[in-house]
Amino acid sequence: MTMTTPLLDMEGVHKRFVLHLQNQTVLDVLRDFSLRVLPGECVRLSGPSGMGKSTVLKLAFGNYQASAGHIFVRSADGQMVDITQASPRQIVQLRASAVGYVSQFLRVIPRVAAIDVVAEPLLERGPDGHPLMDPDAARAEAARWLERLRIPPSLWQLPPATFSGGEQQRINIARSFIRTRPLLLLDEPTASLDPLNSATVIELIRAARDQGVGIVGIFHDPEVAAAVASRSVTMQAPSP
Amino acid sequence: MSQAPLLRVRDLRCAYGAREVVRGISFDLWPGEVLAVVGESGSGKSTLLNAVAARHAPTAGTVEFAVRQGSDGAGDLADIYAMTEAQRRLLARTDWGFVHQNAADGLRMNVSAGANVSERLMALGQRHYGRLRAQASDWLERVEIDPTRIDDRPDTFSGGMRQRLQIARNLITAPRLVFMDEPTSGLDVSVQARLLDMLRMLTRQMQLAAIVVTHDLAVARLLAQRMVVMQGGYAVESGLTDQVLDDPQHPYTQLLVSSVLPP
Amino acid sequence: MRDPHIHFAYLDERTKRMIRRAILKAVAIPGYQVPFGSREMPLPYGWGTGGIQVTASIIGSDDVLKVIDQGSDDTVNAVNIRRFFQRTTGVEVTTDTTAASIIQTRHRIPETPLAEGQILVYQVPVPEPMQHLEPLEVETRKLHALQEYGLMHVNLYEDLAHFGQIATTYDYPVLVNGRYIMAPSPIPKFDNPKMHMNPALQLFGAGREKRIYAVPPYTSVESLGFEDHPFSVQRWEQPCGICGARDSFLDEVITDDQGGRLFVCSDSDYCAKTQSAAASSGTTL
């Protein structure tokens with residue numbers, strides 16, 4: 001396993017939506033899309049909205065199903081796994097150890113305190129079947145991350161459902177960065193953040209890059225993009 | 001990832017007379033996986049659950065379970081309908097759990113909460129009253145029931161408490177597979193949320209495999225990594241839960257997903 | 001005196017054969033409830049028809065019969081049943097436990113130890129020990145067949161939880177021959193230990209419920225309990241107010257309306273014997 005083995009390899013990916021409820025309307029969002037991401041790279045997906053940028057991220061995470069083509073993700077043990085053919089179990093395992101996804105909207109789980117939302121990835125089981133950390137250590141680590149992202153301690157025991165958009169976004173980021181995975185997919189990570197917190201997130205992304213994490217991101221703010229991206233891919237409407 | 005599956009279902013068919021209600025369902029389930037079976041009334045999802053849980057014999061197909069052998073837990077898949085009834089009943093009491101939609105169906109309403117929770121242990125031969133009571137008390141706390149209510153009968157409990165009691169009663173023997181039939185239907189929303197949270201936490205902590213039948217997509221999303229959508233006895237779509245819900249392929253799945261009112 | 005117009009012991013011979021077959025099966029499987037074709041008897045259900053049918057099937061002209069009800073030979077039921085057998089068989093009857101070959105009893109075991117060759121016939125109201133917990137017979141049969149007896153302990157647990165002790169004081173469930181759990185009929189738990197390794201044959205008849213079961217001689221009969229709350233028998237502080245015995249089951253008798261009470265042996269024959277033994281040895285009470 002060398003530094004030239006990609007973390008993500010999308011080859012000839014097509015994504016078509018068939019809306020059966022709207023008279024079988026067909027939406028071709030991606031056609032023949034390819035992308036290769038190496039460790040330490042941060043690839044920016046740019047282009048006008050509706051061009052399929054979020055779709056690319058969701059395909060790479062297995063949240064969307066590709067209509068054609070292959071999507072290879074490097075697993076924790078170095079294998080290139082084609083997630084278009086993988087079983088749900090394999091994808092769940094990849095998500096635990098190989099690829100992370102920071103979405104625009106935090107899927108809020110009722111009643112779980114913010115600190116526990118952030119600590120959760122540390123309580124998952126490692127390859128030996130035991131949790132990576134005990135609950136107290138995990139919460140202590142989560143607390144450090146919440147501090148770094150300037151979430152006031154008074155909010156730590158509350159479920160994020162009532163938080164502002166920006167606060168939810170920071171919870172999301174803390175949860176995704178607390179346990180780094182080799183491949184990270186970022187969908188507008190600074191969208192609701194003020195300059196101070198945006199700067200913190202930029203730091204986090206750069207630090208991850210330096211550690212060899214491969215990143216694919218959508219950054220609407222050109223300054224943020226310039227600060228973190230090593231290269232850019234411009235998405236255009238698929239040619240008919 | 002060379003683990004063998006815990007449960008293997010192949011070509012399962014169930015019929016009531018000439019009317020087929022489950023038409024050729026197949027799936028594998030691995031330890032620690034939660035599978036949601038989603039569908040509307042009449043989809044066959046409850047019949048499927050009962051057939052897999054050995055409560056209602058199918059008309060065709062096989063259900064195999066990796067029966068625990070020895071202390072390491074590994075075992076070959078065995079056809080549950082080829083077992084004797086005694087073996088099936090033992091399995092149902094120890095390695096399996098069944099959470100009913102209506103808690104009264106899964107509890108003894110005329111004995112105390114403590115007796116309900118420790119019954120399985122007594123059935124397995126435990127004969128020390130003090131220890132039985134301590135374990136029951138432990139589990140009541142785990143499901144967030146005040147342990148001082150250990151001697152109260154379930155008919156004095158609220159719906160949510162009864163459901164949590166049912167869960168404790170089932171999980172005390174650390175089963176590897178739990179069947180749940182609409183575990184949160186009929187409960188108030190806040191009570192549902194609390195229960196779902198608890199189920200989510202317990203399935204993770206105890207590495208439970210579970211099959212959860214529900215008509216509620218939100219329950220599927222919260223609890224299950226995998227999902228099967230049933231319509232008219234067929235499995236019309238299956239896969240990763242978030243994929244099926246966010247990128248539904250089949251027309252019926254798209255209909256289901258679009259029909260849910262966002263709060 | 002024997003009534004010549006009634007067949008010996010009232011039941012026809014075919015019925016006796018059927019009941020004897022049931023008894024044989026019951027003896028072969030200690031504690032197992034054998035269904036039998038309970039006949040209409042000249043007294044209603046709930047008055048001992050099961051015990052009477054068992055006795056009627058095994059009694060022979062040279063048997064000696066004793067009948068007791070709550071330990072006494074003199075109560076109405078005991079008197080009636082004894083008279084029934086005198087009329088239909090003409091056998092010798094007795095109140096002396098040691099002299100009887102067949103003893104039919106309602107709700108007590110005689111204090112005097114029994115010997116080989118004697119038969120004790122119990123009258124049973126409810127043969128199924130788990131009935132109030134599991135009313136479906138289809139289910140209780142399965143539980144017995146599969147030896148799934150957790151439910152019995154649920155019952156005992158409930159008692160401990162609510163009363164601090166196992167509150168069941170009669171019809172206390174027992175494990176027979178290490179296999180079947182049995183309802184010993186509403187004898188006080190004080191009597192349970194007498195069933196264990198008894199030299200006599202113990203037969204149980206339930207007429208309304210149509211079941212016969214048995215404990216052969218020298219069979220193990222253990223009363224259920226918990227490790228930390230084992231089975232224990234009742235004890236009295238006072239001796240019998242008539243004979244002075246300290247080791248028998250005592251009934252409480254109210255003597256006046258000022259709260260005066262007396263404790264006397266429930267087993268009338270035992271009391272009389274102890275009394276006469278004390279009198280003949282000149283012991284004062």
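These numbers were taken from a predicted model, which means no experiment stands behind them.

Reading the values: the criteria
- Every chain's residues receive numbers from 1 upward, in the order its sequence appears when written.
- Written order decides the labels, with chains lettered from A and ligands numbered from 1.
- Given that this is a predicted model, residues contribute local features only at a pLDDT of at least 70 and side-chain atom pairs are listed and counted only at 80 or more, while totals for whole chains, interfaces and linings are drawn from all residues.
- In DSSP terms, a helix is any run of H or I states spanning at least four residues, a strand is any run of E spanning at least two, and both are numbered starting from the N terminus.
- Radius of gyration means the value over C-alpha atoms here, while the globule rule gives 2.2 Å times the residue count to the 0.38 power.
- Put plainly, a residue is buried at 20 or more neighbouring C-beta atoms within 10 Å of its own, exposed at 12 or fewer, and partly exposed in between, counting only other residues' C-beta atoms, which are placed from the backbone.
- A residue pair is marked as a contact if its C-beta atoms, positioned from the backbone, fall within 7 Å.
- Pairing between strands is defined by DSSP: at least two bridges between the two strands are required.
- Every axis in this analysis is a line fitted to C-alpha atoms, fitted for helices over the stretch in contact. Angles between the N-to-C directions lie between 0 and 180 degrees.
- What makes a nonpolar core is a set of buried Ala, Val, Leu, Ile, Met, Phe, Trp, Tyr and Cys residues, with links drawn between C-beta atoms within 7 Å.
- Only Asp, Glu, Lys and Arg are considered charged, only Ala, Val, Leu, Ile, Met, Phe, Trp, Tyr, Cys and Pro nonpolar, and every remaining residue, Gly among them, polar.
- For classification purposes, an angle smaller than 35 degrees is called roughly parallel, one larger than 145 roughly antiparallel, one from 65 to 115 roughly perpendicular, and anything else oblique.

## Side note on the overall build of chain B
In terms of helices and strands, chain B carries 9 helices and 10 strands. Here chain B has a C-alpha radius of gyration of 18 Å; the compact-globule value for 263 residues is 18 Å, and the two agree. Across the 263 residues that make up chain B, the buried fraction comes to 48%. Considering only intrachain contacts with a sequence separation of at least 6, the fraction spanning at least 24 residues in chain B is 63%.

## So, the arrangement of the chains
Counting contacts across all 2 pairs of chains that touch, the top-ranked interface belongs to chains B and C. Between chain A and chain C there is no contact, and the shortest C-alpha to C-alpha distance separating them is 34 Å.

## As for the sheet that holds strand β10 (residues 234-240) of chain B
All names here are of chain B. Strand order in the open sheet made by the 6 strands is β6-β7-β8-β3-β9-β10, with mixed pairing throughout. Strands with a single pairing partner mark the edges of an open sheet, and in this sheet they are β6 (96-99) and β10. Along the sheet, successive strands turn relative to each other by an average axial angle of 15°, direction set aside. Examined bridge by bridge, strand β9 (residues 226-231) and β10 share 6 bridges and lie antiparallel to one another. Residue Q231 lies in a different strand from β10, and its bridge partner there is Y234.

## As for the nonpolar core
A60 and V118 of chain A together with V37, V212 and L223 of chain B are the most contacted members of the largest nonpolar core, which has 202 residues in total. At 6 residues, helix α3 (residues 114-123) of chain A tops the list of elements feeding residues into this core. Sequence-distant contacts of V212 of chain B, defined by excluding residues within four places in its chain, comprise V34, A36, M180, P183, V219, L223 and A224 of chain B. In terms of nonpolar packing, the next biggest core, distinct from the first, is built from 9 residues, C240, C243, Y270 and C271 of chain C among them.

## A few points about the interface of chain B and chain A
With 20 residues of chain B at the interface, the matching set in chain A holds 15 residues. Of all the elements in the fold, those that place two or more residues in the side of chain B that touches chain A are α6 (189-205), β10, α8 (241-246) and α9 (251-259) of chain B. If one sorts the elements of the side of chain B that touches chain A by residue count, α9 of chain B sits on top with 4 residues. Residue composition of the side of chain B that touches chain A, by class: 7 nonpolar, 6 polar and 7 charged.

## Overview of unusual backbone geometry
Residues and elements named next belong to chain C. With a phi close to 80°, S185 is a non-glycine residue in the positive phi region. One non-glycine residue with positive phi stands out, namely Y218, at about 55°. Inspection of the secondary structure assignment puts Y218 in the loop between β9 (211-215) and β10 (221-223).

## Let's talk about the environment of R17 of chain C
Take R17 of chain C: it is sitting in helix α1 (residues 13-28). Residue R17 of chain C is classed as exposed on the basis of its 12 C-beta neighbours within 10 Å.

## So, the interface of chain B and chain C
Tallying the contact residues gives 16 residues for chain B and 14 residues for chain C. Secondary structure elements with two or more residues in the side of chain B that touches chain C: α2 (85-94), α3 (113-123) and α4 (129-142) of chain B. For the side of chain B that touches chain C, the element with the highest residue contribution is α3 of chain B, accounting for 6 residues. Across the side of chain B that touches chain C, the residue classes break down as 7 nonpolar, 5 polar and 4 charged.

## Remarks on the environment of D247 of chain C
Here D247 of chain C shows up in the loop between β10 and β11 (250-254). For the pair D247 of chain C and E111 of chain C, spaced 136 residues apart in the sequence, the C-alpha separation amounts to 8.6 Å.

## Quick word on the pairing of β11 of chain C
Pairing of β11 of chain C with strand β12 (residues 261-265) of chain C, which is carried by 5 bridges, proceeds in the antiparallel orientation. Pairing of E252 of chain C across the sheet is with F263 of chain C, part of β12 of chain C.

## A word on the sheet that holds strand β9 (residues 231-234) of chain A
Residue and element names in this part refer to chain A. Spatially, β6-β7-β8-β3-β9 is the arrangement adopted by the 5 strands of the open sheet, whose pairing is parallel. What marks the edges here is a single partner per strand, and that holds for β6 (99-102) and β9. Mean inter-strand twist for the sheet, computed between neighbouring axes without regard to direction, equals 20°. Pairing of strand β3 (residues 42-46) with strand β8 (residues 214-218) involves 3 bridges; the strand directions are parallel. Within β8, the position partnered with V43 by the bridge is V216.

## Some words on the packing of α3 of chain B against helix α5 (residues 159-171) of chain B
Residues and elements named next belong to chain B. At their nearest, the axes of α3 and α5 sit 7 Å apart, and the two run at 30° to each other. Comparing their axes, α5 and α3 come out roughly parallel. Where α3 abuts α5, its residues A113, N116, V117 and E119 lie against L165, A168 and R169. Classifying every residue of the contact of α3 with α5 by side-chain character gives 4 nonpolar, 1 polar and 2 charged.

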